[in-house]
Amino acid sequence: MLEDQSPAEALTKIYDPISTEARWQQAWEQQGAFHPDPLAPGEPFAVVIPPPNVTGSLHMGHAFNTALIDTIVRFQRMQGKNVLCLPGTDHASIAVQSILEKQLKEEGSSRKALGREAFLGRAWAWKEESGGRIVAQLKRLGYSVDWQRQRFTLDAQLNRAVVEAFVRLHQQGLIYRGEYLVNWCPASGSAVSDLEVEMKEVDGFLWHFRYPLTGGNGFLEVATTRPETLLGDTGVAVNPDDSRYAALVGKTLTLPLVGREIPIVADSHVDPAFGTGCVKVTPAHDPNDFAIGKRHGLPLITVMAKDGSMNAAAAQFAGLDRFEARKAVVAAMEAEGFLVKVEPYRHAVPHSERGKVPVEPLLSTQWFVKTEPLAARCREALAQSKPQFVPERWSKVYLDWLTDIRDWCISRQLWWGHRIPAWFVISETAGRVSDATPYVVARDETEALQLAMAKYGADVQIEQDEDVLDTWFSSGLWPFSTLGWPDGSAADLAKWYPTSVLVTGFDIIFFWVARMTMLAAVLNPRGAEEAWIPFADVYIHGLVRDEQNRKMSKSAGNGIDPLLLIDRYGADALRFAVVREVAGAGQDIRLDYNRKTDSSATVEGARNFANKLWNATRFALLNLGGETPQSLGAPDPAQLQLADRWILARLARVNQETAQRYGSYALGEAAKGLYEFAWNEVCDWTIELLKRRLQDPAQQRTARQVLAKVLTELFVMLHPLMPHLTEELWHGLTAHGEERLLALEPWPQVDVAALDPNLELTFAELIEAIRVVRNLRALAGLKPAQGAPVLFITSRPALAAVLQQASADISAQTRAESVQVLSPEQLEASANQRCLAAVSGELQVLLPVEGLVDMDALRGRLQKDLSKAEKEIAGLKGRLTNPNFADKAPAEVVLECGANLREAEAQADLARKRLGDLD
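This is a predicted model, so every value here is computed, not measured. (Residues numbered from 1 in each chain as written. Predicted model: local features only at pLDDT ≥ 70, side-chain atom pairs only at ≥ 80, totals over all residues. Heavy atoms only, no water.)

Draft legend 1. Structural context of the overall build of the protein chain. Of regular secondary structure, the protein chain possesses 31 helices and 29 strands. Viewed in the frame of its principal axes, the protein chain has a C-alpha envelope of about 115 × 75 × 55 Å. Taken across its 919 residues, the protein chain has 54% of its residues classed as buried. Accessible surface, the protein chain as shown: approximately 39500 Å² in total, 50% of it carbon and sulfur. Averaged over its 96 positive side-chain charges, the protein chain has a centre that lies 3 Å from the centre of its 116 negative ones. (Helix = DSSP H or I, 4+ residues; strand = E, 2+ residues; numbered from the N terminus. Buried < 20%, exposed > 50% of the residue type's maximum accessible area, 1.4 Å probe, protein only. Areas by Shrake-Rupley, 256 points an atom, 1.4 Å probe, with all protein chains shown as cover. Lys, Arg positive; Asp, Glu negative; His and termini not counted. Charge placed at Lys NZ, Arg CZ, Asp CG, Glu CD.)

If you want it as structure tokens, here you go:
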């Protein structure tokens, strides 16, 4: 608050989240608030954020992940830890290359025509111009990361780490080059990872063909969705327990159209109940067939080129596109009498996410990582709960991925990315690269040439591999490459590795989480045997689902743009809304959204909460007499009234609970608890109970001290969830200049002396008693300013004592002329009065109304309520006794009807009792 401002001017009348958030984002960044010093004291706490693709723009998954991470790190910073939250982006090899090749095609050019160096120059230029979009959008969320340490997976330092990792793994025999079946995208001309493959349901056909037994004495019937691949069949498999074909195992068939003899093999992979129980085996074009072929020594025959056309091995179909070949093969099989039937068949077909075409499993010479030795070490660590998964159930998914793991194809036929640090000795194969060309692996070309000369002589010629590494290889090094590895003396690495927690979605447990642990297992970044696991905890969060509880996806077109909601309600409202929706760690959340108005009732509710806090703070500023929490000091325990002791007890309890929840990743529970405390107990009750005393000179100072303390600590506890709003309100209340930031304030100490569980319980009963009195007054038709006596009947001395101590507050909140607290015995001894009555737990509440209201009018209202309830009872009973409803309606509808009946009967009983009390 500026010194020439009045307290009322410290905050505007209306909360404007857009300007408030932009101002504090700028202040945090300008002051380097989140730029930690590795040499500073404090227990280290580190998070490296999952790097979004440089091509991306903010989507709801990013917003959710950001809100969770930032809540965690802001809390840990307030715990006095030396916190590093390190941001960055991924170079997204296939996505960027697809964008640029599309641009070149529109210009009538291509990357081949442009050349590698010019193409990469264009890629870097595109990255500089467009690649910062998602970073700017993440900043709008108030991410408390160290932007000065921002990394990009193609940075020179990270490239050095990637090269070093490749060289070390190769030296240990963990990287090799070989031919294997991979996911091939004909559109992008590259192998793609499983994560870049999207399964799509398509309407296709199941073709049934006869394969004649060699010698002409019968045939086997097989079915396939890809007839073009039969040209590469090298066997037919049946289940070894299938009695229908037991006598045929070991015999051969003659492959139609080709004439090749292929064996009948017995393999347990075959499901005898599916189709005819006979499966054609094409080892070079199907991963399951590849495994069968390997078990039975079947040859691998590739009939398709990498552009998706049929190759020379496809004989008369060579040169045809794979889908044209499909039609041609079916026609040829039908013409020669081998087609049995065709069935419509809906099935899942893998598509390249980037190339938008069906993926083709193809044999290809690629670079691979031997994963089993790495996975074995990770499995051993997991047995000791390293890392610790939250929720724990995801550790089994992680373990499943690490069990029976396939070798990892790490090469991609692209230009944008980390070029593989291998050089082919082309002088050994007539100046050309072939599968037989020897190679050397080195950190740079100079080292490669020295290695090649030492082995092949001084006249060698070398040529670097054209391919780049799978993006996940560089991302797998992220927890330590970003901290300075392989520089063993890096201060950041020494301070913050291993990191504290990884926050990510369940869908990349294998693709990213497991690969980070596997690479760390062999590279051991710190060189300390006990500290190789890259993160202590892995917090797995769910998905943000749309208003119809569907998974959001580009293909479904049901995404929700978080920027629209931020523009409308503010970043804090969106952050608080999504975190508060989390019912438990790892659970999906559902976000309501009106697509016609781009609005969300859930986020609007969080914005209303922000407004509530804003107005409460303005009220405080108008009633603190120009003082601050610092100048007011702590309240004197001897001067505290019952309501003060209650709210301070609740403040201490909420402090304990919130810290425990933040610290154990129960973030949704923390948000819900703070919401209830702030809205109901602070704004609705404490402020209302303090209003009277804030105007009383004898009680004013204590009331001000309590109000200032509660709000100040509330803002600290809410800060991890709503950082901009709380920073603004805290500054308005404390009048600190911007050189002091709430973001860097310590978490408040728990006032252990204030804890009072019994008072919390009894005061909650007092609050409910006040609500009951207000309801009875409304039922009686009393005017707001009209006084009326109130009687409380209880046999519990502790509750009676609280009610008596709070009589002034009860009178102020209910317009009670008098408040009497009686025991049941005292009530019986008193004169009969006509009262409206209600029960709250063990407390009976009486409102004497005779002489205060028109009794006939009151009886009329009660009789009307009774008639309405009886009519509802009759209708509900009629439905429940009707067999057509009771037997045929959904079970949940019948149960709801029964619950409504019980509620209506209770209302009717209450109306009858109240009518009786008036007689």
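Read on for the rest.
Draft legend 2. Inspection of the packing of aromatic side chains at higher detail. Under the counting rule described, the total for this entry stands at 32 aromatic pairs. Aromatic side chains Tyr180 and Phe368 sit 5.5 Å apart centroid to centroid with 70° between the ring planes, which places their arrangement in the edge-to-face category. Here the residue Tyr180 occupies a position in strand β5 (residues 175-185), and Phe368 occupies one in strand β14 (residues 360-369), the gap between them amounting to 188 residues. The class for Tyr180 is partly exposed, based on a relative accessible area of 22%. Relative accessible area serves as the criterion here: at 1%, Phe368 is assigned to the buried category. (Phe/Tyr/Trp six-rings, centres within 6.5 Å; stacked < 30°, edge-to-face > 60°.)

Draft legend 3. Summary view of the sheet that holds strand β11 (residues 261-266). One open sheet accounts for four strands, arranged β10-β11-β9-β12; its pairing is mixed. In this open sheet, the two edge strands, each paired with only one partner strand, are β10 (252-254) and β12 (278-281). Within the sheet, the average angular offset between the axes of one strand and its neighbour, ignoring direction, is 30°. With three bridges connecting them, strand β9 (residues 235-238) and β11 associate as parallel partners. Bridged to Val238 within β11 is Ala266. Packing against the sheet, helix α8 (residues 287-296) makes contact with β9, β11 and β12, and its axis sits at approximately 85° to β12. (Pairing = 2+ DSSP bridges. Axes fitted to C-alpha atoms, helices over the stretch in contact; angles between N-to-C directions. Contact = heavy atoms within 4.5 Å.)

Draft legend 4. Geometry of the sheet that holds strand β28 (residues 835-840). One open sheet accounts for four strands, arranged β27-β26-β29-β28; its pairing is mixed. Edge positions in the sheet fall to β27 (816-822) and β28, since each has one partner strand and no second. For this sheet, the mean inter-axis angle between neighbouring strands, taken without regard to orientation, is 20°. Of the pairings in the sheet, the one linking strand β26 (residues 788-793) to β27 comprises five bridges and is parallel in character. Pairing of Ile793 across the sheet is with Leu822, part of β27. Most of the contacts of helix α25 (residues 757-780) go to β28, to which it runs at about 150°, and overall it touches β26, β28 and β29 (843-848). Docked against the sheet, helix α26 (residues 797-805) engages β26, β27 and β29, running at close to 160° with respect to β27.

Draft legend 5. Expanded view of the packing of helix α10 (residues 372-382) against helix α16 (residues 509-523). Look at α10 against α16: their axes get within 8 Å of each other, and the N-to-C directions meet at 100°. Considering the angle they form, α10 stands roughly perpendicular to α16. Residues Leu374, Ala375, Arg377 and Cys378 of α10 pack against Thr517, Met518, Leu519, Ala521 and Val522 of α16. Class assignment of the residues belonging to the contact of α10 with α16 gives a composition of seven nonpolar, one polar and one charged. (Parallel < 35°, antiparallel > 145°, perpendicular 65-115°, else oblique. Nonpolar A, V, L, I, M, F, W, Y, C, P; charged D, E, K, R; others polar.)

Draft legend 6. Quick look at α26. Within α26, the full set of buried residues consists of Leu799, Ala800, Val802 and Leu803. Projected down its long axis, α26 carries its buried residues within an arc of 160°, all on one side. Against α21 (642-663), α25, β26, α27 (807-814), β27 and β29 lie the buried residues of α26. (Arc of directions from axis to C-beta.)

Draft legend 7. Focus on helix α6 (residues 133-140). Among all positions of α6, only Ile134, Val135, Gln137 and Leu138 are buried. One face of α6 carries all of its buried residues, which in axial projection span an arc of 165°. In this fold, the buried residues of α6 make contact with α2 (60-78), β3 (88-89) and α17 (562-569). Immediately downstream of α6, the backbone of Gly142 shows phi near 80°, a positive value.

Draft legend 8. Geometry of the environment of Lys13. Following the sequence through the fold, Lys13 ends up in the segment before α1 (17-30). For Lys13, a relative accessible area of 66% gives the class exposed. Along the chain, Lys13 and Arg618 lie 605 residues apart, while their C-alpha atoms are 7.8 Å from each other. Not counting residues up to four positions away in its chain, the partners in contact with Lys13 are Trp614, Asn615 and Arg618.

Draft legend 9. Inspection of the pattern of salt bridges at higher detail. A complete count under the given rule lists 46 salt bridges for this structure. The closest approach of N and O atoms between Glu29 and Lys139, which form a salt bridge, is 3.3 Å. You can see Glu29 sitting in helix α1 and its partner Lys139 sitting in helix α6, a full 110 residues away along the chain. Here Glu29 falls in the partly exposed class, since its relative accessible area comes to 41%. Take Lys139: its relative accessible area is 26%, and that puts it in the partly exposed class. Taken together, the shared-partner salt bridges connect Glu164, Arg168, Arg443 and Glu447 into one network. (Salt bridge = Lys/Arg side-chain N within 4 Å of Asp/Glu carboxyl O.)

Draft legend 10. Expanded view of the environment of Thr71. Its place among the elements puts Thr71 in helix α2. Remark: the alpha-carbon pair of Thr71 and Ser243, spanning 172 residues in sequence, is separated by 62 Å. The residues touching Thr71, leaving out its near neighbours within four places in the chain, are Arg575, Val579, Tyr662, Leu667, Pro720 and Leu721.

Draft legend 11. Quick peek at the pairing of strand β2 (residues 82-86). Among the five residues of β2, five are classified as buried, and the element is accordingly described as predominantly covered. Neither face of β2 is left uncovered, since the one carrying Asn82, Leu84 and Leu86 and the one carrying Val83 and Cys85 both have all their residues buried. Bridge count between strand β1 (residues 44-48) and β2: five bridges; the pairing is parallel. Within β2, the position partnered with Phe45 by the bridge is Val83. Following the backbone out of β1, through α2 and into the adjacent parallel β2, one traces a crossover that is right-handed. (Right-handed = clockwise from strand over helix to strand, strands pointing away.)

Draft legend 12. The side chain of Asp289, seen in detail. In this fold, Asp289 is placed in helix α8. Buried charge without a partner: Asp289 forms no salt bridge, and the closest opposite charge is Lys280, 5.4 Å away. Once residues within four sequence positions are removed from consideration, Asp289 is found in contact with Lys280, Val281, Thr282 and Pro283.

Draft legend 13. Structural context of the state of the cysteines. All told, the structure shown has zero disulfides when counted by the stated rule. Left unpaired, Cys409 is separated from the closest cysteine sulfur, that of Cys185, by 13 Å. (Disulfide = S-S within 2.5 Å.)

Draft legend 14. Region of interest: unusual backbone geometry. Cis geometry is adopted by the peptide bond preceding Pro486, which originates at Trp485 and carries an omega value of 15°. Take Pro486: it is sitting in the loop between α14 (478-481) and α15 (491-496). For the bond running from Tyr497 to Pro498, omega is 0°, close enough to zero to count as cis. With respect to the helices and strands, the residue Pro498 is situated in the loop between α15 and β22 (499-505). A positive phi angle, close to 65°, is found at Ala735, a residue other than glycine. Within the secondary structure, Ala735 is located in the loop between α24 (723-734) and α25. Although it is not a glycine, Arg815 sits at a positive phi angle of roughly 60°. Relative to the assigned elements, Arg815 resides in the loop between α27 and β27.

Draft legend 15. Spatial organisation of the side chain of His208. Position of His208 relative to the elements: it lies in strand β7 (residues 197-212). Given a relative accessible area of 5%, His208 falls into the buried group. Engagement of the side chain of His208 in a polar contact is seen with the side chain of Glu221, the distance being 2.9 Å. In this structure the side chain of His208 is engaged in a polar contact, spanning 3.1 Å, whose partner is the side chain of Glu343. (Polar contact = N/O pair within 3.5 Å; in protein donor to acceptor, adjacent residues only side chain to side chain.)

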